[in-house]
Amino acid sequence: MPLWQLPVTQKETITCYDDLGSPKTHGLEQRYVSPTTGICRKLVVQAVTPSGKSEVAISSHANQASKLAVWLLANSPIRGWIIFKWIGIWLWFTLKLFWSVMWLLAQLFAPIDLADDSGEDTELYNTGYYKPYARGFQGQLWAARSPMEHSSRVIEEGEMDIPTHTLYPRLLIIRDPFRNEWVPCADRDIIIRTKFIAISYRAVDAFTRGPDQETEKAQFTEEVRAAVLGQKYDAYWLDLECIGETPSEKNLDLYCMADVYRGAQVTLIMLGKSAAGENECWRGWGERVWTMPEALLSSRLCYKFRDREVVTPLSLFELANLAYTNYDIEQAIVNAYSGKDPLERLERLTLLKSAIWRRGTAALAPGVAPPPPKLDMIGEKSVTSGAYKAERVYALMGFFEHRIQPNRSEDDLRALVRLSMANDNDRIAERMTACWYSDDDIYRANLWDILPEIQVAGVTENGALVVDGCRAAAIRWKDFPEVAFGTTDSLRRTIIGFVPYLSWPALIIGLGILMTSRVGGITLIVIGLVLLILSPRLFIFSQSGRIVTAQPWFIGVKGVVSITEVERHLYGGARGHFPRMYFTPSGSQFSIPERSTERGGSFRQYDYAKLAESGPDAGHVYTLIDTYSATMYYFRAERPPTVCIFAGREGGLGRFVLCSEKCDINELHKETVLRMPTEISQKMDVIATYY
């Protein structure tokens, strides 16, 4: 290497695009879209304890005269030998009053426009609305709700020709009485006139993958045929033999699998060998993802152990006791399908989803997320053309009125969104959006408790939901802005608040007439000095009324901030005032309600949040201040959220999703969900966005 050619470290960069398609290259730091200019900018976060280049100390644009006056009243000039500092701050406060008088005179005689085009929030923001989120959806839908929209998803052959439900299987195994052998039959006229048994089983009970796999499959098939004949039937449906070979046939068989068990005269559950333990056989069968829909959709059930000849009928209640372990959810489902205790449609489907998601697929253990594509298992038949990663969703869709065509490239989320869009009356995807996560809402709300206020218009190739009709607002992180606010009307406070501004005119006029009227000049000078000395107390009193309205702002701080500090940063402070900020009683993970006669948030949640901040959640606890409802929220998040979206209502409050921005892929990522007053959504602009 030449001596002058030094190694250069290349810093990783990414490129994003604005609404006009103009590219912008920047580093990997967290970014946000400026609500005033729509330009992507580096996010600067004010923090209680700043660390890193993107974090700064907490700062405020609140009225500086108010902050100076509060300090003057809170600190005695003769205590602690701070008299020189006190005099300096007092002089600075009086100059603030003088500047206000001169500004008023200048505006009366020669109005000056000091507005700039920097895009910064330097002037008082007083529109009555939160700062809007200035970015809309860009890109293409992978799957769209409306058939008029283009979808980039590959439509497989025969997909548009598949009906919602079928009345008969595509293929049956029927015994030929003349040749005394079992043959596959795809003749519609024969199938619709044939009564058949559907077989439910678990792969490990039928065969072991390896060199003897085909032999064991053949032996299992012979046992099935003997059991079918023993029940006086001449036809059966077994996925080992009835699942098609081509991709279109496989998709059709998976699509219509629920109808197979609906149409069967009886479903025969083939269990493993009882010598290995009956309970183990039942538990293993019950943990398979397809067994629940197979059992619930069947008209009659019976079971047989492989090492026993007897076939025993059983009811859904007996099945639940033998095979299912989560009695609270599965017992409610069994009661609903047996007619004992009907559930509302959405509640029933939600419980079914929860139960199926806990089960394993043919090649996946219960409760484990799907791995990258390997072998495909439709029912129990292996195919080598790629896995159905969303097999759980396809098992669930048998309970829906409208179904979706299976697609090997989609995961559970995209498949569930497509299923939800096909059955819009349930609005499952919209309700899941307003939850903490897809399942196990941290506020312990059920999916049917949430009334969504958005509509999912589609899903992108990355799995991001495109939602329409949502209200959103930007969250400010760099500092506390100057907030326009109004207090209760008071003639006394108005007059007293005007008096400090008379101090400088009295002094100036007194000095001006001192040569012509010595007594009058001295009198005005004394009055002016007395007013200047009393002006901090008078000024604070004029600002200390109860706040009845404030400009809507969402303001974020990294760390835990007290109410007193927030009030000082927002309004400069007051003495003997009404409370200006409140804790939420039930809006976040740290909420603690008061147990007195009045509803409200307990001050103990500040200590609770401080404790969490010093523990395992260190660096991930944030404070959100809402000026419109005068409420504070402590919450956990991986990254500072920069956008607040109103997604729905639940339990008397709104569900607001806080998201961070990923400008390079044009997505919003959910960080947390807060429960805030629904009425604040009316102060948020309606946009079309996504995450």
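That block above? That's the structure.
This write-up is about the structure you can find in this document. None of these values were measured; they are calculated from a predicted model. (Residues numbered from 1 in each chain as written. Predicted model: local features only at pLDDT ≥ 70, side-chain atom pairs only at ≥ 80, totals over all residues. Heavy atoms only, no water.)

Let us look at empty space enclosed by the protein. Counted under the stated rule, the structure contains two cavities of 30 Å³ or more. Counted as a void, the largest cavity has a volume near 60 Å³. At the level of elements, α8 (257-263), α10 (291-296) and α14 (391-396) are the ones that each hand at least two residues to the lining of the largest cavity. It is α8 that provides the largest number of residues to the lining of the largest cavity, a total of three residues. Its residues assigned to classes, the lining of the largest cavity comprises eight nonpolar, one polar and one charged. The calculated volume of the second largest cavity comes to roughly 50 Å³. Taken together, 10 residues line the second largest cavity, and the ones lying closest to its centre are Tyr 133, Arg 135, Glu 661, Cys 663 and Asn 666. Secondary-structure elements contributing two or more residues to the lining of the second largest cavity are β27 (653-662) and β28 (667-676). Considered class by class, the residues forming the lining of the second largest cavity number five nonpolar, one polar and four charged. (1 Å grid on protein atoms, 1.4 Å probe; cavity = no way out; pocket = protein on both sides within 12 Å on 5 of 7 lines; lining within 4 Å. Points joined across faces, edges and corners; volume = space filled by probe spheres on them. Helix = DSSP H or I, 4+ residues; strand = E, 2+ residues; numbered from the N terminus. Nonpolar A, V, L, I, M, F, W, Y, C, P; charged D, E, K, R; others polar.)

Pairing is mixed in the open sheet, where seven strands are placed in the order β9-β8-β11-β10-β12-β13-β14. Every interior strand has two partners, whereas the edge strands, β9 (181-185) and β14 (312-314), have only one. Strand-to-strand twist in this sheet, taken as the mean axis angle between neighbours without regard to direction, amounts to 30°. Strand direction decides the pairing type here: strand β10 (residues 197-201) and strand β12 (residues 266-271), joined by five bridges, are parallel. Each bridged residue has a counterpart across the sheet, and for Ser 200 the counterpart in β12 is Ile 269. Here helix α5 (residues 213-230) sits on the sheet and contacts β8 (172-176), β9, β10, β11 (235-237), β12 and β13 (301-305); the angle it forms with β11, its principal contact strand, is near 130°. Sheet contacts for helix α9 (residues 278-286): β10, β12, β13 and β14; angle to β12, the most-contacted strand, approximately 125°. (Pairing = 2+ DSSP bridges. Axes fitted to C-alpha atoms, helices over the stretch in contact; angles between N-to-C directions. Contact = heavy atoms within 4.5 Å.)

Among the structural elements, Gln 140 can be located in the loop between α2 (83-109) and β7 (143-144). Separated by 11 residues in the primary sequence, Gln 140 and Ser 151 place their C-alpha atoms 7.3 Å from one another.

Time to look at the packing of aromatic side chains. For any two aromatic rings, the description comes down to two numbers: the centre-to-centre distance and the angle of the planes. Following the criterion strictly, the structure yields 16 aromatic pairs and no others. Measuring from centroid to centroid gives 5.1 Å for Tyr 201 and Phe 220, while their planes differ by 45°, and the two rings are tilted. In this pair, Tyr 201 sits in strand β10 while Phe 220 sits in helix α5, placing the two residues 19 residues apart along the sequence. Aromatic pair Phe 590 and Tyr 608: ring centres 5.2 Å apart, planes at 70°, arrangement edge-to-face. (Phe/Tyr/Trp six-rings, centres within 6.5 Å; stacked < 30°, edge-to-face > 60°.)

So, about the nonpolar core. Formed by 133 residues in total, the largest nonpolar core has its most connected members in Ile 199, Trp 282, Leu 319 and Phe 554. Element by element, the count of residues in this core is highest for helix α13 (residues 345-357), at seven residues. Core analysis: the second largest hydrophobic core is formed by 24 residues, Trp 553, Val 561, Val 566 and Leu 570 among them. (Core = buried A, V, L, I, M, F, W, Y, C linked by side-chain atoms within 4.5 Å. Buried < 20%, exposed > 50% of the residue type's maximum accessible area, 1.4 Å probe, protein only.)

Glancing now at the packing of α9 against helix α11 (residues 316-323). Across the interface, α9 lies against α11 with an axial gap of 8 Å and an inter-helix angle of 105°. Comparing their axes, α11 and α9 come out roughly perpendicular. Here α9 contributes Trp 282, Arg 283, Trp 285 and Gly 286 to the contact with α11, which in turn contributes Leu 319, Asn 321, Leu 322 and Ala 323. Looking at the contact of α9 with α11 residue by residue, the classes come out as five nonpolar, two polar and one charged. (Parallel < 35°, antiparallel > 145°, perpendicular 65-115°, else oblique.)

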